[in-house]
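Read off the chains here:
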Amino acid sequence: MTPLERLRLAAALCHAVPGAQLRLHTDRDETVVVGHHVGADIDPCAMRRVVAASACPHQPDLSAHLSGMEVGGALIDLGGGVAGSQHAGREQRWIASLLPADRIISILDDSGSGLIPDDAMKATVKPDPGLGVTVLMITSIDPRFDHALDAVVEQVAASCFVEELRTSMSNLDREDDHSGSTS
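Conventions and cut-offs
- Residues numbered from 1 in each chain as written.
- Predicted model: local features only at pLDDT ≥ 70, side-chain atom pairs only at ≥ 80, totals over all residues.
- Heavy atoms only, no water.
- Pairing = 2+ DSSP bridges.
- Helix = DSSP H or I, 4+ residues; strand = E, 2+ residues; numbered from the N terminus.
- Axes fitted to C-alpha atoms, helices over the stretch in contact; angles between N-to-C directions.
- Contact = heavy atoms within 4.5 Å.
- Core = buried A, V, L, I, M, F, W, Y, C linked by side-chain atoms within 4.5 Å.
- Buried < 20%, exposed > 50% of the residue type's maximum accessible area, 1.4 Å probe, protein only.
- Salt bridge = Lys/Arg side-chain N within 4 Å of Asp/Glu carboxyl O.
- Parallel < 35°, antiparallel > 145°, perpendicular 65-115°, else oblique.
- Left-handed = near helix turned anticlockwise from the far one by under 90°.
- Nonpolar A, V, L, I, M, F, W, Y, C, P; charged D, E, K, R; others polar.

Participant: Teacher, can you tell me more about the sheet that holds strand β3 (residues 66–73) here?
Facilitator: Within a sheet, neighbouring strands are paired by backbone hydrogen bonds and run either parallel or antiparallel to one another. Strands sit in the order β2-β1-β3 across an open sheet of three strands; the sheet is antiparallel. Every other strand in the sheet has two partners, leaving β2 (31–34) and β3 as the edge strands with one partner each. Geometrically, the sheet is characterised by an average inter-axis angle of 20° between neighbouring strands, direction not taken into account. Where strand β1 (residues 20–26) and β2 come together, four bridges link them in antiparallel fashion. Considered in β2, the bridge of His25 is made with Thr31. Those strands touched by helix α1 (residues 3–16) are β1, β2 and β3, and its axis lies near 150° from that of β1.

Participant: Help me understand the nonpolar core, please; the structure alone is not making it clear to me.
Facilitator: Considering soluble globular proteins, one finds that nonpolar side chains tend to be buried as a cluster. By size, the foremost hydrophobic cluster in this structure holds 25 residues, and its most contacted members are Leu13, Leu24, Leu75, Trp94, Leu131, Val133 and Val135. Every element with two or more residues in this core is listed here: α1, β1, α2 (44–54), β6 (90–97) and β8 (133–140). Looking at which element gives the most residues to this core, the answer is α1, with eight residues. One finds Val82, Leu149, Val153 and Ala157 within the second-largest nonpolar core, a separate group that totals 19 residues.

Participant: I keep staring at the pattern of salt bridges and nothing clicks. Help me out?
Facilitator: Opposite charge on two side chains permits pairing when their charged atoms draw close. Applying the stated criterion across every chain, the model contains eight salt bridges. Salt-bridge contacts for Glu70 lead to Arg23; the nearest nitrogen and oxygen are separated by 3.9 Å. Here Glu70 is found in strand β3, whereas its partner Arg23 is found in strand β1, with 47 residues between them in sequence. Glu70 gets classed as partly exposed once you look at its relative accessible area, which sits at 39%. Classification of Arg23 by relative accessible area gives partly exposed; the value is 30%. Salt bridges here are not isolated pairs; linked through shared partners, they connect Glu91, Arg93 and Asp150.

Participant: Sorry, what's going on with the packing of α1 against α2 here?
Facilitator: Axis angle and axis distance: for two packed helices, these are the angle between their axes and the distance between the axes, and together they describe the pair. The interhelical angle for the contact between α1 and α2, taken along N-to-C directions, is 155°, at an axis separation of 9 Å. Here α2 runs roughly antiparallel to α1, going by the angle between their axes. Handedness of the crossing formed by α1 with α2: left-handed. Each of Leu4, Leu7, Arg8, Ala11, Cys14 and His15 in α1 lies in contact with α2, whose residues at this interface are Pro44, Cys45, Met47, Arg48, Val51 and Ser54. Along the lines of polarity and charge, the residues of the contact of α1 with α2 split into eight nonpolar, two polar and two charged.

Okay, here's the thing in structure tokens:
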């Protein structure tokens, strides 16, 4: 995954999750704080626009000047590309993916079977076409299955990442096919 792809994912997540914060560390040892709070340097909506513009051809790539980034505020990095938050006393899990929404919905249809009943959890898919990212939020709506939330989310996240890798490799194969010469 490229630095710009990671920045697109982080910007989409920060934009989608209420109370989220993003800390961007620059190659000049500065920290840029993205959030809706008073101490933030830039709000998530403006950051989203900057990142979307950075992804356009012939525009400067903002990610080239970043040495690291981390989520914070209402989000906790749980590892493996999963972030957690709480809303109204319910645990929420968040995944940002480069996959289109319809592919994530297909993955959701295939995940969690055998672990929980279909109506035990709720998934919300938020496509962000400007960034080319889809944000997924999963929460347990039946307290009897709160214990299974992380297992279900881990399964969904792993399936998303495998599909992203498969898609990326498929795109590379197509680029190789088009770059070959014909005599």
